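These are the residues of each chain, in order.
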Amino acid sequence: MARLSSLLSFSITLLIFLHGSTAQQFPNECQLDQLNTLEPSYVHKSEAGRIEVWDHHAPQLRCSGVSFVRFIIESQGLYLPSFLNTAMLSFVAKGQGLMGRVIPGCAETFQESPVFQQGSPFGEGQGHGQQGQGHGQGQGQQGQHQGQHGQGQGQGFRDMHQKVEHIRSGDTIATHPGVAQWFYNNGNQPLVIVAVMDLASHQNQLDRNPRPFYLAGNNPQGQSWLHGRGQQPQHNILNGFSPEVLAQAFKIDVRTAQQLQNQQDNRGNIVKVQGPFGVIRPPLRSQRPQEEEGNGLEETICSARCTDNLDDPSNADVYKPQLGYISTLNSYDLPILRALRLSALRGSIRQNAMVLPQWNANANAVLYVTDGEAHVQVVNDNGDRVFDGQVSQGQLLAIPQGFSVVKRATSDQFRWIEFKTNANAQINTLAGRTSVMRGLPLEVVANGYQISLEEARRVKFNTIETTLTHSSGPASYGRPMKADA
């Protein structure tokens, strides 16, 4: 009996200890009594641009489980290839450029080949060195040439790599964790890209910290957002291997292997390209062609579409010429988002236009202002107004799940991008034709707010819009009623 009592006492003590440690490790991160607009906390300068990082330990970002970063790449600047420990959804806020991704296990489908003579043993698709597929001795000879150091490139192709895409303002880019990605600014103005990283994603198997892994370059300032690493320079991952191992792996000499480690390179992670940037890419079109019906090929990870443009009003979900437009991007539009569990919303409204009060039913949202200013109010689950103020260009505001928000443009044009932590985020509106108020019976509205049936009818039916409306109206709108004398 004493043994059983001792065992029970030990079990209770252990449970209390585990509960306490769990509470310390995972505190209630969403008890937010006040929201604030956020500015970048860390700026990492490079030779041809800078990387601005928001503090993901800020309460509202910690509640949302995301981190946020802004890349500013100058003309002819190259953001060196890197990959992340979690999914990332990016938006091109300004400028144009090129983007490349390297998906593990996928073939190099972009090839630069010389003009072949008729009867040449080198033909289309042979840059991969495939053999034994019924094309005879010529193709086998090609595989032999490519196996010899430096000969295949001279005779079969000049370069080959994975897909390169043109990007422009309004493009939204989805990136899987572990996929190396680079950007290049081929325009005359800075290329500005903002991105959200889902630290709470099931695909992130590390802690809730953004961890970029660089394949080239060095970051002398280090990962200042990580505790204990602020003063340590961040090297590329090749730096950790011995030069002899790299030489054996790449079949190169040790001196070249040491160059890959960038040990004496202090240019940062965005470098200036000297001379022409001769990557293989298709010609730029003025407009992206309309997507055709899929034939199954688009479902493969190697060829899955990862970009979509949200700045074209003709593709908007809500459009009013006098007010503005709203476009959404979810997994129905871009299937890759189903795996990332992220989505986006692009809004552009004119002065005095209002986005009707609404809340995200199944997602947290991070709102970034790309142009203009607006007055925003946010209300939490306690009925408290946790934010009531202006948001302007370059600022960030996190809006937790269920918190109601209303936006009213106070400049000539207000434009923003919202990243949401669900592949198919849903909103509910408080006012308007498809709102929760419209769905309630008059008797429920009248008794719930202690108003007459006629007043309840006006509450339900006076606003006929669904999403966008004018914030101006009759003088009595938005003003308190005078008490009877």
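First, a word on what this report is: a plain description of the structure on this page. (Residues numbered from 1 in each chain as written. Predicted model: local features only at pLDDT ≥ 70, side-chain atom pairs only at ≥ 80, totals over all residues. Heavy atoms only, no water.)

Points about the sheet that holds strand β20 (residues 343-350)
To keep it simple, the criterion reads: Pairing between strands is defined by DSSP: at least two bridges between the two strands are required. Helix and strand assignments come from DSSP, with helices taken as H or I runs of at least 4 residues and strands as E runs of at least 2, each series counted from the N terminus. Axes, fitted as lines to C-alpha atoms, cover a helix only where it is in contact. Angles between the N-to-C directions of the axes lie from 0 to 180 degrees.
Read across the open sheet, the six strands follow the order β18-β19-β20-β27-β22-β25; overall the sheet is antiparallel. If you trace the sheet from one side to the other, it starts and ends with β18 (318-320) and β25 (396-399), each paired once. Neighbour-to-neighbour, the strand axes of this sheet turn through a mean angle of 15 degrees, independent of strand direction.

Here's the deal with unusual backbone geometry
Put simply, the test is: Each residue's exposure class comes from its accessible area (1.4 Å probe, protein chains only) as a fraction of the maximum for that residue type: buried when under 20%, exposed when over 50%, partly exposed otherwise.
For Q76, which is not glycine, the phi dihedral falls at a positive 65 degrees. Along the polypeptide, Q76 turns up in the loop between β3 (66-73) and β4 (77-83). By relative accessible area, which is 32% here, Q76 ends up partly exposed. If you check the backbone angles, K251 has positive phi at about 60 degrees while not being a glycine. Along the chain, K251 turns up in the loop between α5 (243-250) and α6 (254-260).

Some details on the packing of aromatic side chains
The test is simple: For Phe, Tyr and Trp, rings pair up if their centres lie within 6.5 Å, where Trp contributes its six-membered ring, and each pair is then called stacked (planes under 30 degrees apart), edge-to-face (over 60) or tilted (otherwise).
Using the criterion set out here, one finds nine aromatic pairs in the structure. Seen in terms of ring centroids, F68 and F419 are 6.1 Å apart; in terms of plane orientation they differ by 55 degrees. Their pairing is tilted. Highlighted residues: F68 in strand β3 and F419 in strand β27 (residues 413-420), separated in sequence by 351 residues. Residue classification places F419 among the buried positions, given a relative accessible area of 2%. Seen from their ring centres, F414 and W416 are 5.0 Å apart, and the 20 degrees between their planes marks the pair as stacked. Take W416: its relative accessible area is 0%, and that puts it in the buried class. Aromatic rings pair up to connect W54, F68, Y368 and F419 into one cluster.

A few points about the side chain of T370
Put simply, the rule is: The definition of a polar contact used here is a pair of N or O atoms within 3.5 Å, where within protein one atom must be able to donate a hydrogen and the other to accept one, and adjacent residues in sequence count solely through side-chain atom pairs. Any two residues whose heavy atoms approach within 4.5 Å are treated as being in contact.
Note on placement: T370 falls in strand β22 (residues 365-371). For T370, a relative accessible area of 2% corresponds to the buried category. At 2.9 Å, the side chain of T370 forms a polar contact with the side chain of R346. Ignoring sequence-local partners within four residues, the contact set of T370 consists of F91, A93, K94, R346, Q393, R415, W416 and I417.

Any functional reading would require information that these geometric values do not contain.
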